[in-house]
Amino acid sequence: MLLIPCPWCGPREETEFRHGGQAHRPVPPGGVDEHTWARYLYFRDNPTGAFAERWAHVHGCRRWFNLVRDTMTHEITDVYPVGERRDRWR
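Within each chain, residues carry numbers counting from 1 in the order of the written sequence. With the structure being a predicted model, the display of local features is reserved for residues of pLDDT at least 70 and the display and counting of side-chain atom pairs for 80 or more, all residues being used for whole-chain, interface and lining totals. Processing note: side-chain calculations cover all non-hydrogen atoms of the structure and skip hydrogens and water entirely.

Caption draft 1: Fine view of the environment of Met-72. By the criteria applied, helices consist of DSSP H or I runs no shorter than four residues and strands consist of E runs no shorter than two, each listed in order from the N terminus. Positionally, Met-72 belongs in the loop between strand E5 (64–70) and strand E6 (76–81). We call a residue buried when its accessible area falls under 20% of the maximum for its residue type, exposed when it is over 50%, and partly exposed in between, using a 1.4 Å probe and counting protein chains only. The class of Met-72 is exposed, set by a relative accessible area of 59%. Taking C-alpha positions, Met-72 is 8.6 Å from Ala-50, a pair spaced 22 residues apart along the chain. Residue contacts are defined here by distance: any two heavy atoms, one from each residue, within 4.5 Å place the two residues in contact. Beyond its immediate chain neighbours, meaning those up to four positions away, Met-72 contacts Thr-48 and Gly-49.

Here's what the structure looks like:
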């Protein structure tokens, strides 16, 4: 079981959370072609190592936040609220 540290509620089991995908993906501006929009919707980075993700604490405070998780070890190295700069929460 993965223990996820909510910035507001503290560490909780992963069953309380929902994964929201890759963090820090800018939405393309309006009026983009179908190819660009499809790439935004369906293509994500899939790195080995540290990866920033969005999570929602759906069975707790119901807030969204970002976390940095190693995709090989699942170690969580950083947690910070959506909209905040990552370096502010270290």
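Caption draft 2: Quick look at the packing of aromatic side chains. Any two of the Phe, Tyr and Trp rings considered here, Trp counted by its six-membered ring, make a pair once their centres fall within 6.5 Å; the pair's planes then place it as stacked at under 30 degrees, edge-to-face at over 60, or tilted in between. By the definition in use, this model includes two aromatic pairs. Aromatic side chains Phe-17 and Phe-65 sit 5.8 Å apart centroid to centroid with 85 degrees between the ring planes, which places their arrangement in the edge-to-face category. Of this pair, Phe-17 sits in the loop between strand E2 (10–13) and strand E3 (18–22) while Phe-65 sits in strand E5; the two residues are 48 residues apart in sequence, bridging distant segments of the chain. Neither residue differs from the other here; Phe-17 and Phe-65 are each classed as buried. Only lysine NZ and arginine CZ atoms are considered, and such an atom sits over a ring when it is within 6 Å of the ring centre and within 35 degrees of the ring normal. Stacked on the ring of Phe-43, the Lys or Arg Arg-39 has its end atom at 4.2 Å from the ring centre. Directly above the aromatic system of Trp-64 lies the positively charged group of Arg-54, at a separation of 4.6 Å from the ring centroid.

Caption draft 3: Molecular detail of the sheet that holds E5. In this analysis, strands are considered paired if DSSP registers two or more bridges between them. If you walk across this open sheet you meet the four strands as E3-E4-E5-E6, and the pairing is antiparallel. Each having just a single partner strand, E3 and E6 make up the two edges of the open sheet. For this sheet, the mean inter-axis angle between neighbouring strands, taken without regard to orientation, is 30 degrees. A fitted line through C-alpha atoms serves as each axis, taken over the contacting stretch for helices, and the angle formed by two N-to-C directions is quoted from 0 to 180°.

Caption draft 4: Local environment of the nonpolar core. For this analysis, a nonpolar core means a set of buried residues of the types Ala, Val, Leu, Ile, Met, Phe, Trp, Tyr and Cys, connected via side-chain atoms within 4.5 Å. Formed by Leu-2, Ile-4, Cys-6, Phe-17, Trp-55, Phe-65, Leu-67 and Val-79, the largest nonpolar core amounts to eight residues. Put simply, the parts of the chain that give this core at least two residues each are strand E1 (3–6) and E5.

Shape descriptors only; they carry no functional weight alone.
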